[in-house]
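Here is how the chains run, residue by residue.
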Amino acid sequence: MTRTYVSRHPLNDLLPLEPGIRAVDHLDIPRFQAIVSVLAVPGEEADVTAGLAASGDVSIRFAGPGEWLVLSQTEAPDSLHRSLSLLLAETAYIVDQSDGRVVFRLSGPNIRRILAKGIATDLHPAVFDIGSSSNVLCGHISVNLARTGENEFELIVMRSFAVALFDDLRRMGRDFDLSADFSAQG
C-alpha cells in the first residue's frame, strides 16, 4: 500500500487558520520558512563567513563555531540549498532544515520581560545587539535565539519541540496578553 506524505505544521491544531487580532505583544509563526544549516569544513570558517556575508537576501544566525542557520523568506528550500552550495562550493556542508525546524517571531514592548521568564541570557539592547544570535535554553528546550529588531526576536526550534515551546511561550506571555497566530505571509 502506498501512502502520500502530507506536510502539516506542528501547530495547525493550536492556532487559528487566519490571523486574528494582534495584541501589543505578539507571537507570529510562519507556516513555512526556508532554513538551511551551514557547517564549515575545518579551516574554512573565514571563507564561509565571507561567502555568507555576500549571500544576498537571507538572514544568517550563528549556531556555533563554524556553524550557521540561514533563513530565507523569498527562496524555496531547494533553491536556497542550491545557491548556497554553489556559493560555498568545497568550503561548507549544506543541509536543508526547512521541514525539521519551526520559527517563532516575537514582537512588542514587553518581549524582553516575557523572554526573561524562560531564558537566562541578558537581552538588554547594549548586550544583545540587533543581528545577534545565540543558542540558548528556553525553559528546558534548546533554541536558536536572534534579535531581529528593536523589540523583535526570533526563536528557531526543532520541529519535535514546537508544541512544547509554543505552550511555554504562551504561559510566559500570559501576564502581557501575548497574542499568537500564523503569519499572514504564509
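How each quantity is defined
- Residues numbered from 1 in each chain as written.
- Predicted model: local features only at pLDDT ≥ 70, side-chain atom pairs only at ≥ 80, totals over all residues.
- Heavy atoms only, no water.
- Helix = DSSP H or I, 4+ residues; strand = E, 2+ residues; numbered from the N terminus.
- Rg over C-alpha atoms; globule rule 2.2 N^0.38 Å.
- Buried < 20%, exposed > 50% of the residue type's maximum accessible area, 1.4 Å probe, protein only.
- Contact = heavy atoms within 4.5 Å.
- Areas by Shrake-Rupley, 256 points an atom, 1.4 Å probe, with all protein chains shown as cover.
- Phe/Tyr/Trp six-rings, centres within 6.5 Å; stacked < 30°, edge-to-face > 60°.
- Lys NZ or Arg CZ within 6 Å of the ring centre and 35° of its normal.
- Salt bridge = Lys/Arg side-chain N within 4 Å of Asp/Glu carboxyl O.
- Arc of directions from axis to C-beta.
- Expected span 1.5 Å × (residues − 1).
- Core = buried A, V, L, I, M, F, W, Y, C linked by side-chain atoms within 4.5 Å.
- Pairing = 2+ DSSP bridges.

A.B. asks: Explain the overall build of the chain to me, please; I cannot follow it from the model alone.
C.D. replies: Across its full length, the chain holds four helices and 10 strands. Along the chain, helices (α) and strands (β) appear in the sequence β-β-α-β-β-α-β-β-α-β-β-β-α-β when read from the amino end. By the compact-globule yardstick of 16 Å for 186 residues, the chain fits well, its C-alpha radius of gyration being 17 Å. Expressed along its principal axes, the backbone C-alpha trace of the chain runs to roughly 55 × 50 × 30 Å. The buried share among the 186 residues of the chain stands at 46%. In the chain, once contacts between residues fewer than 6 apart in sequence are set aside, the share between residues at least 24 apart is 69%. Carbon and sulfur atoms make up 53% of the accessible area of the chain, which amounts to about 9800 Å² in all.

A.B. asks: Help me understand the packing of aromatic side chains, please; the structure alone is not making it clear to me.
C.D. replies: A complete count under the given rule lists one aromatic pair for this structure. One Lys or Arg, Arg31, reaches over the ring of Phe182 and ends 3.8 Å from the middle of that ring.

A.B. asks: Help me understand the pattern of salt bridges, please; the structure alone is not making it clear to me.
C.D. replies: Where charged atoms from two side chains of opposite charge come close, those side chains can pair. If you walk through the whole model with that rule in mind, you get seven salt bridges. For Arg8, the salt bridge goes to Asp13, with nearest N and O atoms at 2.9 Å. Arg105 is the partner of Glu154 in a salt bridge, and the nearest nitrogen-oxygen pair spans 2.9 Å. Separated by 49 residues along the polypeptide, Glu154 in strand S9 (residues 152-158) and Arg105 in strand S6 (residues 101-107) bring together distant segments of the chain.

A.B. asks: Which parts of the structure should I look at to understand helix H1 (residues 45-53)?
C.D. replies: Turn by turn, an α-helix covers 3.6 residues, leaving residues three or four places apart pointing in a common direction. Where H1 is concerned, the buried positions are Val48, Gly51 and Leu52. Here the buried residues of H1 occupy an arc of 95° about the axis, which is enough to place them on one side. Among the exposed residues of H1, those pointing more than 90 degrees away from its buried face are Ala46 and Ala53. The inward-facing, buried residues of H1 contact strand S2 (34-40), strand S3 (59-64), strand S4 (67-72), helix H2 (77-88) and strand S5 (92-96).

A.B. asks: So what exactly am I meant to see when it comes to H2 here?
C.D. replies: Taking 1.5 Å as the rise per residue, H2 with 12 residues should run 16 Å; its terminal C-alpha atoms sit 16 Å apart, in good agreement. The complete set of buried residues in H2 reads Pro77, Leu80, Leu84 and Leu88. Looking straight down H2, one finds its buried side chains confined to an arc of 65°; they lie on one side. Phi for Ala89, located one or two positions after H2, is positive at around 35°.

A.B. asks: What is the right way to look at the nonpolar core in this model?
C.D. replies: The nonpolar side chains of a soluble globular protein tend to be buried, and buried together. Core analysis: the biggest nonpolar cluster contains 30 residues, and Phe104 and Leu115 have the highest contact counts within it. Mapped by element, the contributors of at least two residues to this core are strand S1 (26-29), S6, helix H3 (111-116), strand S7 (133-138), strand S8 (141-149), S9, helix H4 (162-172) and strand S10 (179-182). Residue contributions to this core peak at five residues, all from H4. Those residues within four positions of Leu115 in sequence are excluded, and the remaining contacts are Leu106, Leu123, Leu145, Phe153, Leu155, Leu169 and Met172. Counting 14 residues, the second-largest nonpolar core is a separate cluster that includes Val48, Trp68, Val70 and Ala92.

A.B. asks: How should the pairing of S6 be read in this particular structure?
C.D. replies: Strand residues, when the strand is regular, have side chains that alternate between the two faces of the sheet. The buried fraction of S6 amounts to six of the seven residues, a majority that puts the element mostly inside the structure. In this structure, S1 lies alongside S6, joined through three bridges in antiparallel fashion. Along S6, the bridge assignment pairs Asp28 with Arg105.

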